[in-house]
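Structural overview
Residue strings, one per chain:
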Amino acid sequence: MTPIICQSALEAVSLIENNETLWTHSMGATPKVLLDALAQHALTKQGLTLLQLHTERAESLSAEHLKPHIRHRCYFGGAPTRELLQQGEADYVPIFLSEVPKLFRSGEQKIDTAIIQVSPPDKHGICSLGISVEATLAACQVAGKIIAHINPMMPRTHGDGFIHYKKLAAVFEQSMPLPQHFIDSSDETSQAIGQHVATLVRDGDCLQMGIGAIPDAVLSCLTQHKNLGVHTELFSDGVLDLVELGVINNSLKKVHPGKTVTGFALGSQRLYDFVDDNPSVIFMDIEQVNDTAIIRKNPNVMSINSALQVDISGQVCADSLGTKIYSGVGGQMDFIRGAGLSEGGRSVIALPSTAANGTVSRIATVLSPGSGVVTTRAHVHYIVTEYGCAYLRAKSLRERARALIDIAHPKFREQLCQEAFEMWQLRV
């Protein structure tokens, strides 16, 4: 079957009917041009549901006047959906990222239409999902129809993210720059956290890290390390310098040796140029990337993630501010468990000691009411702030409280000690 070649994005999305469940390509591959057209088309429809992970530049679909027409259903919240989630105007589904493709493939979550952004077809008629495979590959495999923005600026990446042109129902071609993320990790707090985490990284470790100032600060401190590998849900520019220095060579990995494994990438044009047609970087289905049974096969997995709040028993909240949904469960537990089961593996939760311009301690006596425990206290290994590292594995509640108070901001330590006794009867 040959797709309908459309003269506009609105023509492409006009295939969407009432009461459809839609999936949108996410992260840096968010098909903005199609979603902006959907914001117009949706006004003529009823009962649309948009399934999504974190999206970039999709604010048009969050407009007030669209609420009667389209409902967001989020496996991970981002800037375009965060306010809707916190107002109860969108739905948050807590789920491990590794399980989202399983929802689709099992039929538990039906998808009528997948809306994606791809590279132009090659001589074999095959397009690439580019910088973001995540759960979109699975969505395309089960969707009733696929509407694609063909973007000549989308890198053609290696791995799982291939889809034949003939599988597409409608296409609209337009060259458009991909969203770029520029991260400044030079601030004093990020650098201090990065230096502490870097002391925990050993030569030969296989790294998983996220995007942000802290992961980039960690990576900037690893230039003297040797034979590091990468098997990660996502990566950004911080990896590039270490690849060029030969620090990251993936030589000691058991799963996909010699290859950097990821589910998606988000960063600068330099990053997108690096992954374009680069066989040493493979973008894989997130069900495989984040599968604990696969992660653990690599020795010395070092998982580095962040949090919004940690209580003095080691419970980690990473998806909400109290009852206000901020992001999502994501892949944190997939990798923390995988690292814990890996031979020589360790996991780190790294976060600044304070929030709200230093007025709130992120190390808390108890989590804020309604906070989601993404990582349990039984799974935690290291918690790191700019004041040091707390090793919690196999430690008692009293030992944990003492270690965490020691890395809290100094102005909150006395209060935390007092509350540890009042609330937990712990003398620290």
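Here, every reference points to the structure presented above.
For the structure given in this document, a descriptive report is provided here. Treat the numbers as computed from the prediction; the structure is a model and nothing was measured.

Reading the values: the criteria
- Residues numbered from 1 in each chain as written.
- Predicted model: local features only at pLDDT ≥ 70, side-chain atom pairs only at ≥ 80, totals over all residues.
- Heavy atoms only, no water.
- Helix = DSSP H or I, 4+ residues; strand = E, 2+ residues; numbered from the N terminus.
- Rg over C-alpha atoms; globule rule 2.2 N^0.38 Å.
- Buried < 20%, exposed > 50% of the residue type's maximum accessible area, 1.4 Å probe, protein only.
- Contact = heavy atoms within 4.5 Å.
- Areas by Shrake-Rupley, 256 points an atom, 1.4 Å probe, with all protein chains shown as cover.
- Pairing = 2+ DSSP bridges.
- Right-handed = clockwise from strand over helix to strand, strands pointing away.
- Axes fitted to C-alpha atoms, helices over the stretch in contact; angles between N-to-C directions.
- Phe/Tyr/Trp six-rings, centres within 6.5 Å; stacked < 30°, edge-to-face > 60°.
- Lys NZ or Arg CZ within 6 Å of the ring centre and 35° of its normal.
- Salt bridge = Lys/Arg side-chain N within 4 Å of Asp/Glu carboxyl O.

Observations concerning the overall build of the protein chain
Summing up its helical and strand segments, the protein chain has 14 helices and 29 strands in all. In terms of C-alpha radius of gyration, the protein chain reaches 22 Å, essentially the compact-globule figure of 22 Å for 428 residues. Here the C-alpha coordinates of the protein chain stretch approximately 70 × 50 × 35 Å along the principal axes. Going through the 428 residues of the protein chain one by one, you find that 58% of them count as buried. Partitioning the intrachain contacts of the protein chain with sequence separation of at least 6 by distance along the chain shows that 71% fall at a separation of at least 24. A total of about 16700 Å² of accessible surface is found on the protein chain, and carbon and sulfur atoms cover 50% of it.

Some words on the pairing of strand β12 (residues 206-209)
Alternating positions in β12 separate into two faces, C206 and Q208 on one and L207 and M209 on the other, with burial throughout. By the bridge criterion, 2 bridges tie β12 to strand β13 (residues 229-230) in an arrangement that is parallel. In the sheet register, C206 faces β13, and the bridge partner there is G229. Between the parallel elements β12 and β13, the chain passes through helix α7 (residues 213-220) in a crossover that is right-handed. When β12 meets strand β18 (residues 301-305), the two strands line up parallel, connected through 4 bridges. The residue bridging M209 from the neighbouring strand is I304, located in β18.

Some points on the sheet that holds strand β29 (residues 388-391)
With mixed pairing, 6 strands are arranged side by side in an open sheet as β13-β12-β18-β23-β28-β29. Strands with a single pairing partner mark the edges of an open sheet, and in this sheet they are β13 and β29. As paired strands, strand β28 (residues 382-385) and β29 are joined by 4 bridges and run antiparallel to one another. For T385, the partnering residue across the bridge sits in β29 and is G388. Of the strands in this sheet, β18, β23 (346-350), β28 and β29 are in contact with helix α6 (residues 188-198), which crosses β28 at around 150 degrees.

Observations concerning the packing of aromatic side chains
This model, assessed by the stated rule, comprises 4 aromatic pairs. The interplanar angle of 35 degrees and the centroid separation of 6.4 Å between the aromatic rings of W23 and Y75 together place this pair among those described as tilted. Within this pair, whereas W23 is found in strand β2 (residues 21-24), its partner Y75 is found in the loop between β4 (70-74) and α3 (79-86), the two being separated by 52 residues in sequence. Neither residue differs from the other here; W23 and Y75 are each classed as buried. Between the aromatic rings of W23 and F104, the centroid separation amounts to 5.2 Å while the plane-to-plane angle is 70 degrees, which identifies the pairing as edge-to-face. Residue W23 is located in strand β2, and its partner F104 is located in helix α4 (residues 100-105); the two are separated by 81 residues in the primary sequence. The pair formed by W23 and F104 is uniform in burial state, with each residue classed as buried. An aromatic cluster is present here, built from W23, Y75 and F104 joined pairwise through their rings. Between the NZ or CZ atom of R82 and the centre of the ring of Y326, over which it lies, the distance is 3.9 Å. Over the ring of Y387 we find R413, and its NZ or CZ is 5.4 Å from the ring centre.

Some thoughts on the pattern of salt bridges
Summed over all chains, the structure comprises 13 salt bridges. Residue K67 pairs with E64 through a salt bridge whose shortest N-O separation is 2.9 Å. The class of K67 is partly exposed, set by a relative accessible area of 26%. A relative accessible area of 57% places E64 in the exposed class. Put simply, R105, D285 and E287 are held in one network by salt bridges that share partners.

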